[in-house]
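# Commentary on secondary and tertiary structure
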Amino acid sequence: MNQIELSHIHIFKTNINNDVEKQKISTLLNNNPLIEDWSVDCEDVDCVLRVVGSKLLVSDIIKIINQAGFFCVELEG
Amino acid sequence: MNEHSFIFVPEKLRIRDENKELAIRETALKMLVEQGFDGMSMQKLATAAGVSPATLYIYYKNREDMLNQLFTHVHETFAEVALKNFSPEMSLEQGLWIQWKNRARFITEYPNYFKFFELFRNSPQIDHCKVNMAAFKQSMQLFVKNAIERKELKKMETEVFWSVAYGTFYSLMKFHVQEKSMMNKKFKVTDAIMKQTLKMVVKALKQ
């Protein structure tokens with residue numbers, strides 16, 4: 001198990017459900033210096049977006065994804 | 001903990017819960033062994049393990065990531081069990097005895113781990129570059145090398161050595177796990193049976 005601080009991991013439900021759509025957010029997330037790592041599970045019904053970063057704000061991530069034209073809400077643990 | 005822990009409470013406090021991690025891992029292994037990779041989904045796993053999907057995604061990015069992390073954990077557990085009280089300096093017979101005993105313990109104490117390992121060791125979904133087997137492999141190779149240098153063991157292909165030294169053992173353990181022999185009567189591997197088999201194996205391997 002990786003040793004990332006668990007509170008630095010943010011989990012969202014989205015509607016990004018294929019690689020073409022994933023590509024649309026890829027540049028935005030890759031170029032964000034606050035984002036250490038991210039992934040989308042397109043296989044899952046909730047198309048779960050997982051973002052890692054110690055200084056990230058949940059609201060900022062939602063804004064980025066919304067602006068790219070996708071639905072995004074935080075999934076509570 | 002430092003003095004600030006009492007003053008500063010983060011907006012969202014997530015505490016690493018070892019029991020939760022363990023429950024997720026054991027449930028995932030059981031599901032994968034019983035239903036295969038195609039039969040499991042992150043949602044199904046979350047329900048079965050009694051955690052929210054969000055919690056599951058804290059630990060794993062997706063099914064492939066989970067499978068790979070589980071494989072690493074299972075291999076580390078196997079290596080730990082297999083190397084207990086073992087030294088590459090041991091004689092061929094003594095070393096093999098320890099290996100057989102340790103591996104038998106792994107099969108009986110971690111039945112799902114063993115089944116998982118058998119199912120996924122050759123799976124294309126496992127990224128073998130990420131699994132560090134170096135220490136275990138090194139120890140096994142050194143044991144064989146030492147036995148050859150001591151002229152205890154004939155020189156042979158690794159595959160031939162493995163088939164005789166371990167293939168025999170795993171065949172025996174298969175009957176043990178199935179609890180029946182070819183004659184369909186109850187069969188259990190005892191220390192005496194294991195010793196008897198080992199004697200024949202060592203005799204075949206010796207120079």
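Starting afresh in each chain, residues are numbered from 1 along the sequence in its written order. Both sets of labels track the order of writing: A upward for chains, 1 upward for ligands. A pLDDT threshold of at least 70 governs which residues receive local features in this predicted model, and a stricter bar of 80 or more applies before side-chain atom pairs are shown or counted, although totals over entire chains, interfaces and linings include all residues.

## Overview of the domain arrangement of chain B
Residues and elements named next belong to chain B.
- For the domains described, the bounds stem from an automatic or database domain assignment. When cut into domains, chain B gives domain 1 (14–60) and domain 2 (71–205).
- Measuring from the centre of the C-alpha atoms in domain 1 to the corresponding centre in domain 2 gives 29 Å.
- Note on contacts: residues are paired as contacts if their backbone-placed C-beta atoms lie within 7 Å. The interface is formed by 6 residues belonging to domain 1 together with 7 residues belonging to domain 2.
- Three classes are used: nonpolar for Ala, Val, Leu, Ile, Met, Phe, Trp, Tyr, Cys and Pro, charged for Asp, Glu, Lys and Arg, and polar for all others, with Gly counted as polar. Of the residues belonging to the side of domain 1 that touches domain 2, the class tally is 4 nonpolar, no polar and 2 charged.

## Remarks on the sheet that holds strand S4 (residues 72–74) of chain A
All names here are of chain A.
- Two strands pair if DSSP finds at least two bridges between them. The way it works is that DSSP assigns letters per residue, a run of H or I at least four long becomes a helix, a run of E at least two long becomes a strand, and they are numbered from the N terminus. Here 4 strands make up an open sheet; going across it, the order is S2-S3-S1-S4 and the pairing antiparallel. Looking at strand neighbours, the two that pair on one side only are strand S2 (37–41) and S4, the edges of this open sheet. Ignoring strand direction, the axes of neighbouring strands in this sheet form an average angle of 25 degrees. Working convention: axes come from line fits to C-alpha atoms, limited for helices to the stretch in contact. Angles between N-to-C directions cover 0 to 180 degrees.

## Digging into the pairing of strand S3 (residues 48–52) of chain A
- Between the buried cut of 20 or more and the exposed cut of 12 or fewer other C-beta atoms within 10 Å of a residue's own C-beta lies the partly exposed class, and all C-beta atoms are placed from the backbone. Taking burial as the measure, the 5 residues of S3 of chain A include 4 buried ones, the bulk of the element.
- Two successive antiparallel strands, S2 of chain A and S3 of chain A, enclose a turn made up of 6 residues, where Cys-47 of chain A displays a positive phi of approximately 40 degrees.

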